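Here's the letter readout for the chains.
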Amino acid sequence: MFDLEIATVLQRIKEKQAKRVLIQLPDGLKPRAQEVADLIEKETGAEVMIWFGSCFGACDLPIGLNSVGIDLMVQWGHNIYHKTVKEW
Amino acid sequence: MVEMVFVDATWEQEIVLGKDLLRYFEKEKVKSVGLFASVQFLKLEKVREQLQQSEIRVHETKAKRTHLKTQILGCDAYHDSFEEDIIATSDAVLYIGDGLFHPKALLLAQTGREIKPVVIWDPVSEKMKIITQADIEKQLNKKKANLKKFLAADVVGVMVTVKPGQQYMKNALFLKQVLEKKGKKVYLFLGDTFDYRLFENYPFVQVWVNTACPRIGTDDITEMQRPLINIREAYDAEKTLEEMGK
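Residues numbered from 1 in each chain as written. Chains lettered and ligands numbered in written order. Predicted model: local features only at pLDDT ≥ 70, side-chain atom pairs only at ≥ 80, totals over all residues. Heavy atoms only, no water.

## Side note on the pairing of strand S2 (residues 47–50) of chain A
All names here are of chain A.
Reasoning step 1: Note: strand S1 (residues 20–24) against S2, four bridges, orientation parallel. Looking across to S2, one finds that Ile 23 is bridged to Ile 50.
Reasoning step 2: On the question of chirality, the crossover connecting S1 to the parallel S2 by way of helix H2 (residues 33–44) is right-handed. (Pairing = 2+ DSSP bridges. Helix = DSSP H or I, 4+ residues; strand = E, 2+ residues; numbered from the N terminus. Right-handed = clockwise from strand over helix to strand, strands pointing away.)

Here it is, written out as structure tokens:
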């Protein structure tokens, strides 16, 4: 099984006092969105939105999140991406 | 900007190479491997130990866009995507992970050279798989055909995404200047998703240039009716064709 590090995520949400959280999962983990959303809502009281679209990598982030009042976004399956301009 | 948290989603079980894989390396007289993994599968202590016990040297490097050593991304599909060219200096290439998207990058990164197979160990299914040049042949042939069409094209569409991680606006503007000096008419397009079915709306564009994810110009092209190349090749398509052996 893949470790979704739920405890860490819950802690970050509480620290941030986020009221609305967007969760973004790669295709292989999308079926676990229900489990993650239920846990976050139950443990933090934050409202959860599930990103419907693609999640190909840390380079593939949704835009316009401020307009729907997202306070915190959590993406699973990837880590920090160092965008290089020279190497393209 | 909304604050973001990344969760690696690490594979919890210990990763242990199968006996069939180690036997394959022995049969092929492999003395060194270039080791790569996707971020979920970086707990590789046992794998390194197994390889060392088999008297196989383990070469590891950091890809320029990744956060961690040994980790690979799908966009690491060029030979200079890595700090050290361990693919060239190793007898074999070993990838730990599930799926084919990442290991195919390791084949694509060898374009223009004699392509070494990539040996995959999938910790989820606990199975070994080998992918070879044959698995990217269709892509390479389409890429060559598209490069030739690009060289002959008078009208080019350069596609820029608004997704921040894949947005290369400055590069697109620079390319426009380069291509205009070569006598091509360039139109810039802006979007958030690269749906190639929408190319049909712009029949005046003879060839498209992608500035977003590099894999659009290597993998997705096989499904496209209209020719597309990556920005990297657009600066000097002739040279790329020569390197690919025309």
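Next comes the rest of the description.
## Quick look at helix H6 (residues 169–181) of chain B
Residues and elements named next belong to chain B.
Reasoning step 1: With 13 residues, H6 extends 19 Å from end C-alpha to end C-alpha; this agrees with the ideal 18 Å at 1.5 Å per step.
Reasoning step 2: By the burial criterion, the buried members of H6 are Asn 171, Ala 172, Leu 175, Val 178 and Leu 179. In a view along the axis of H6, the buried residues occupy a sector of 120°, so they form one face of it. Among the exposed residues of H6, those pointing more than 90 degrees away from its buried face are Lys 170 and Lys 181.
Reasoning step 3: Remark: Gly 183 follows H6 within two positions and exhibits a positive phi of approximately 90°. (Expected span 1.5 Å × (residues − 1). Buried < 20%, exposed > 50% of the residue type's maximum accessible area, 1.4 Å probe, protein only. Arc of directions from axis to C-beta.)

## Remarks on the side chain of Gln166(B)
Reasoning step 1: Mapped onto the elements of the fold, Gln166(B) is located in the loop between strand S7 (155–161) and H6.
Reasoning step 2: The contact partners of Gln166(B), leaving out residues within four places of it in the chain, are Cys59(A), Asp60(A), Thr161(B), Thr211(B), Ala212(B) and Cys213(B). (Contact = heavy atoms within 4.5 Å.)

## So, the environment of Lys138(B)
All names here are of chain B.
Reasoning step 1: Mapping Lys 138 onto the fold places it in helix H5 (residues 137–152).
Reasoning step 2: By relative accessible area, Lys 138 is classed as exposed at 58%.
Reasoning step 3: Along the primary structure Lys 138 and Gly 217 are separated by 79 residues, whereas in three dimensions their C-alpha atoms are 13 Å apart.

## Some remarks on empty space enclosed by the protein
Reasoning step 1: Counted according to the given criterion, the structure contains two cavities of 30 Å³ or more.
Reasoning step 2: Every residue along the wall of the largest cavity is listed here: Cys59(A), Tyr81(A), Trp88(A), Arg65(B), Cys75(B), Gly165(B), Gln166(B), Tyr168(B), Ala212(B), Cys213(B) and Pro214(B).
Reasoning step 3: For the lining of the largest cavity, the per-class residue count stands at eight nonpolar, two polar and one charged. (1 Å grid on protein atoms, 1.4 Å probe; cavity = no way out; pocket = protein on both sides within 12 Å on 5 of 7 lines; lining within 4 Å. Points joined across faces, edges and corners; volume = space filled by probe spheres on them. Nonpolar A, V, L, I, M, F, W, Y, C, P; charged D, E, K, R; others polar.)

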